[in-house]
Amino acid sequence: MTHFAVHDSNGLQLYDGGPNFGSNTTGFSGFEGKIKAFTFSEDGKRCSWIVDGQVMVYAAPSWERIGCLKHARAQEICFSPHGSYLAVWDYYVKSKDQSQVQPNLSVYDVLGKKLLKVFFQQTQTNWQPQWTNDEKILARNVTNEVHFYKADDLNEIVEKKILTKVKSFSLSPSRNAHHVTFFVPSVKGAPAYVHLYRYPNFKEANSALANKSFFK
């Protein structure tokens, strides 16, 4: 049966879909509080929400609490496809004298209950890291580059695509052969571009599987 979540000023509730709309057979009794954001993993087996400076992580359908992460400035959260990893984006802040900044994008190993890495991610636009569907690769967008890591070891960049003005990217949902598209927006009347590559064969421009330009 399909279920859906409702987030309002009172908290979070789950309900059954058709044909029993309004009923609740999920075993989730609800959560009361001012929730800032919530999300499910794509397979529906993990759920997380932000409340009172904490990130709550639960397993479904048992609704057993996996963990509670302290993030006083947390604004956004997202899971990897199967909920093995969780990313948390906090407000980007500087010290009063503007001399120090703190990394604000945290990536956690959910089952291992440990922090893997904290990155600097100043803008909230396109803040989300992306994982391949097999959760073996993590990628994230930085200025003029997209960095690729082994998902369980974020201490070393294993591949990178350097592309001036790259705005966003997208990993394919495949499990075996991975593909990635890179988007470069229009600048000063020049056309926008989308480039399609097979991972990790994108160091040379002529290795692109497809290129498409867009005017206006």
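Parameters and conventions
Residues numbered from 1 in each chain as written. Predicted model: local features only at pLDDT ≥ 70, side-chain atom pairs only at ≥ 80, totals over all residues. Heavy atoms only, no water. Helix = DSSP H or I, 4+ residues; strand = E, 2+ residues; numbered from the N terminus. Buried < 20%, exposed > 50% of the residue type's maximum accessible area, 1.4 Å probe, protein only. Contact = heavy atoms within 4.5 Å. Areas by Shrake-Rupley, 256 points an atom, 1.4 Å probe, with all protein chains shown as cover. Polar contact = N/O pair within 3.5 Å; in protein donor to acceptor, adjacent residues only side chain to side chain. Phe/Tyr/Trp six-rings, centres within 6.5 Å; stacked < 30°, edge-to-face > 60°. Pairing = 2+ DSSP bridges. Core = buried A, V, L, I, M, F, W, Y, C linked by side-chain atoms within 4.5 Å. Axes fitted to C-alpha atoms, helices over the stretch in contact; angles between N-to-C directions.

**Here we look at the overall build of the protein chain**
Phase 1 of the analysis: Along the protein chain, the regular secondary structure elements total zero helices and 19 strands.
Phase 2 of the analysis: With the C-alpha coordinates of the protein chain rotated into their principal frame, the extents come out at 55 × 50 × 35 Å.
Phase 3 of the analysis: Classification of the 216 residues of the protein chain by burial places 42% in the buried group.
Phase 4 of the analysis: Look at the contacts in the protein chain between residues 6 or more apart in sequence, and 33% of them connect residues 24 or more apart.
Phase 5 of the analysis: Counting only carbon and sulfur atoms, one obtains 49% of the accessible surface of the protein chain, whose full area is about 12,400 Å².

**A few points about the side chain of Thr26**
Phase 1 of the analysis: Positionally, Thr26 belongs in the loop between strand S2 (11-16) and strand S3 (31-32).
Phase 2 of the analysis: A polar side-chain atom of Thr26 sits 3.1 Å from the main-chain amide nitrogen of Phe28.
Phase 3 of the analysis: Excluding residues that lie within four positions of it along the chain, Thr26 makes contacts with His3, Leu14, Asp16, Pro61 and Trp63.

**Comments concerning the packing of aromatic side chains**
What describes a pair of aromatic rings is the distance from one ring centre to the other and the angle between the planes of the rings.
Phase 1 of the analysis: Taken as a whole and judged by the stated rule, the model has 16 aromatic pairs.
Phase 2 of the analysis: Judged by centre distance (6.4 Å) and plane angle (85°), the rings of Phe38 and Phe40 are edge-to-face.
Phase 3 of the analysis: The partly exposed category is assigned to Phe40, whose relative accessible area is 28%.
Phase 4 of the analysis: Among the aromatic residues, ring-to-ring pairing joins Phe28, Phe31, Phe38, Phe40, Trp49, Tyr58 and Trp63 into one connected group.

**Notes on the sheet that holds strand S14 (residues 145-150)**
Phase 1 of the analysis: Strand order in the open sheet formed by four strands is S12-S13-S14-S15, and the pairing between neighbours is antiparallel. Only two strands of the sheet have a single neighbouring strand rather than two, namely strand S12 (130-131) and strand S15 (159-162).
Phase 2 of the analysis: Sheet analysis places S14 next to S15, joined by four bridges and oriented antiparallel. Each bridged residue has a counterpart across the sheet, and for Phe148 the counterpart in S15 is Glu159.

**A few points about unusual backbone geometry**
Phase 1 of the analysis: Residues Ala60 and Pro61 are joined by a peptide bond in cis, for which omega reads 10°.
Phase 2 of the analysis: When you line up the elements, Pro61 lands in the loop between strand S6 (54-59) and strand S7 (64-70).
Phase 3 of the analysis: In this model, Tyr199 is joined to Pro200 through a cis peptide bond whose omega is 0°.
Phase 4 of the analysis: Mapped onto the secondary structure, Pro200 falls in the loop between strand S18 (192-198) and strand S19 (210-214).
Phase 5 of the analysis: Phi at Asn144 is positive, roughly 65°, even though this residue is not glycine.

**Considering the nonpolar core**
Phase 1 of the analysis: Counting residues in each nonpolar core, the largest one holds 15 residues, and the members touching the most others are Val146, Phe148, Phe169, Val180, Phe182 and Phe202.
Phase 2 of the analysis: Top contributing element to this core by residue count: strand S17 (residues 179-184), with three residues.
Phase 3 of the analysis: Sequence-distant contacts of Phe169, that is, excluding residues within four places in its chain, are made with Gln130, Ala139, Arg140, Asn141, Val146, Val180, Thr181 and Phe182.

**Some remarks on the sheet that holds S19**
Phase 1 of the analysis: Read from one edge of the open sheet, four strands run S16-S17-S18-S19, paired in antiparallel fashion. The open sheet terminates on both sides in strands that have one partner only, identified here as strand S16 (168-171) and S19. Each neighbouring strand pair of the sheet contributes to a mean axis angle of 15°, computed without reference to strand direction.
Phase 2 of the analysis: Of the pairings in the sheet, the one linking S17 to S18 comprises six bridges and is antiparallel in character.

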